[in-house]
Amino acid sequence: MRRVRFLRNPLATEIGDTVEGFLQILGGPASVFLDGRDTRRTRALVTLLHGNEPSGLMALFRWIKSGRQPAVNCVCIIGSVEAALRPPLFSHRMLPGVRDLNRCFKPPFEGAEGLLAEEILQILRVHHPEAVIDLHNTSGSGPAFGVCTHLDREHDALVALFTERMIVTRLNLGALMEISEHSYPTVTVEVGGRLDERAHELAWEGLCRYFDSDRVLAGDEPVWALEILQDPVRLHLNPGVTQAYGEAPDSAADVTLRQDMEHFNFATVDPDEPLGWIRGDLRSRFWAQDAGGRCVLSSLLRCVGGRLYPAAKMTLFMITTNVAIARSDCLFYAVPQASVSS
């Protein structure tokens, strides 16, 4: 059964007066095809895979409203429309009890989210785009960055349309960007927090460069110098562990992280920087694995007298103070300082 609604060259008058109106017209997952000035090539934009990350959709809505024509064909896929529409608007990463859509882009394609992910991949295969950009907002407030699985000039060039910071990861999570390994250059771009006006503007500016430019992949022109962080590690809570954020230990929580943790997004933290408090030992509360499946918790955190500290100098990112997201996804990513370059 087809889950995605298809639209071609919708007029500004056909998509509602607001982004919410646009979502209501779509009703569910959608693919919007925009004919380009050069119809021989196609690029893909994917957005709203998480329902609480609106910047990419806002940028696409603004583009359609402008009446502009892209340089090449653009197929624009909008994912978690139902989650975005669930009140309050843009507050649900996914609907209660369902899987994270951006963890479903690998077999087996089971359940509603797996089948939708499979259909999105089929749409991309049909159009065979020269590049794919997956636009997101970060879980917490923080600067923009790109994520890819390959370190090469093509992926650099795509990320550089939006930001000067790139993460190169080998973690296999089932995210859309992982198709880059065997399909087309694909990057994830996190434009910043979902409530940050600068994130919405950055999504718009980057989308305009992506849609308007005759060429977006690297050629003879130099690519902006990017700050590159390689092989991040995700820190997770163990099942059943309770967690909170605060300025002091929460007596009802096994783990309390600092209330101002988001200030460490893309900051370098030293081993003497306190991150929070813990009841019990590290292994009973957390787990962390590298891309090879090895436990690396001891190289990430240390505990002294019930206080948490970094085990070494490292850069942290994707920090959130949303307990639900921290529990269902991860607390943060960390990269040893030796893996940061420019």
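Above: the structure in question.
Below or above, wherever it landed, is the structure these notes cover. Just so you know, the residues in each chain are numbered from 1, in the order the chain's sequence is written. Note on the predicted model: pLDDT of at least 70 is required for a residue's local features to be given, and 80 or more for side-chain atom pairs to be given and counted; whole-chain, interface and lining totals, by contrast, use all residues. Calculation of side-chain values draws on the structure's entire complement of heavy atoms; hydrogens and water are dropped beforehand.

In terms of helices and strands, the chain carries 8 helices and 20 strands. Throughout, radius of gyration means the C-alpha value; the globule benchmark is 2.2 Å times the number of residues raised to the power 0.38. Against the globule reference of 20 Å for 342 residues, the chain gives a C-alpha radius of gyration of 20 Å, in line with a compact fold. In terms of its C-alpha atoms, the chain occupies a principal-axis envelope of roughly 65 × 45 × 40 Å. Accessible area is worked out with a 1.4 Å probe on protein chains only. A residue is then buried under 20% of its type maximum, exposed over 50%, and partly exposed in between. Residue burial in the chain is summarised as follows: out of 342 residues, 56% are buried. Each helix is a run of H or I in the DSSP string that is no shorter than four residues. Each strand is a run of E no shorter than two, and both are numbered from the N terminus.

In terms of burial, helix α5 (residues 153–160) is largely enclosed, as 6 of its 8 residues are buried. Among all positions in α5, only His155, Asp156, Ala157, Leu158, Val159 and Ala160 are buried. The N-cap residue of α5 is Asp152: its side-chain oxygen and the backbone nitrogen of Glu154 are 3.2 Å apart. Pairs of N or O atoms are called polar contacts if they sit within 3.5 Å, as long as, within protein, a hydrogen donor faces a hydrogen acceptor (for residues adjacent in sequence, only side-chain-to-side-chain pairs).

Next up on the list: the environment of Gly174. The residue Gly174 is located in the loop between β7 (165–168) and β8 (186–193) in this model. Overall, the relative accessible area of 0% leaves Gly174 in the buried class. Along the primary structure Gly174 and Thr186 are separated by 12 residues, whereas in three dimensions their C-alpha atoms are 14 Å apart. The contact criterion used is simple: two residues touch if any of their non-hydrogen atoms lie within 4.5 Å. The residues touching Gly174, leaving out its near neighbours within four places in the chain, are Asn102, Arg103, Cys104, Phe105 and Lys106.

Moving on, we come to the sheet that holds strand β18 (residues 314–317). Between any two strands, at least two bridges found by DSSP are needed for them to pair. The 5 strands lie next to each other as β13-β18-β19-β10-β15, forming an open sheet whose pairing is antiparallel. The sheet is open, and its two borders are formed by β13 (268–269) and β15 (286–287), each paired with just one other strand. Relative to β15, strand β10 (residues 233–237) runs antiparallel, the two sharing 2 bridges. Note on β15: the bridge partner recorded for Leu237 is Phe286.

The disulfide criterion is simple: two cysteine sulfur atoms within 2.5 Å. Tallied over the full model, the rule gives 0 disulfides. Free cysteine: Cys148, not disulfide-bonded; nearest cysteine sulfur from Cys330 at 18 Å. Exposure remark for Cys148: the relative accessible area of 0% places this residue in the buried category.

Okay, unusual backbone geometry next. The bulk of non-glycine residues show a negative phi, and the bulk of peptide bonds are trans. Of note, the amide linkage connecting Pro87 to Pro88 takes the cis form, showing an omega dihedral of -10°. Structurally, Pro88 can be placed in the loop between α3 (81–85) and α4 (111–127). In this structure, the amide linkage connecting Pro107 to the following residue, Pro108, adopts the cis form with an omega of -5°. If you check the backbone angles, Leu48 has positive phi at about 60° while not being a glycine. On the secondary structure map, Leu48 appears in the loop between β3 (38–47) and α2 (55–66).

Keep in mind these numbers describe shape, not what the thing actually does.
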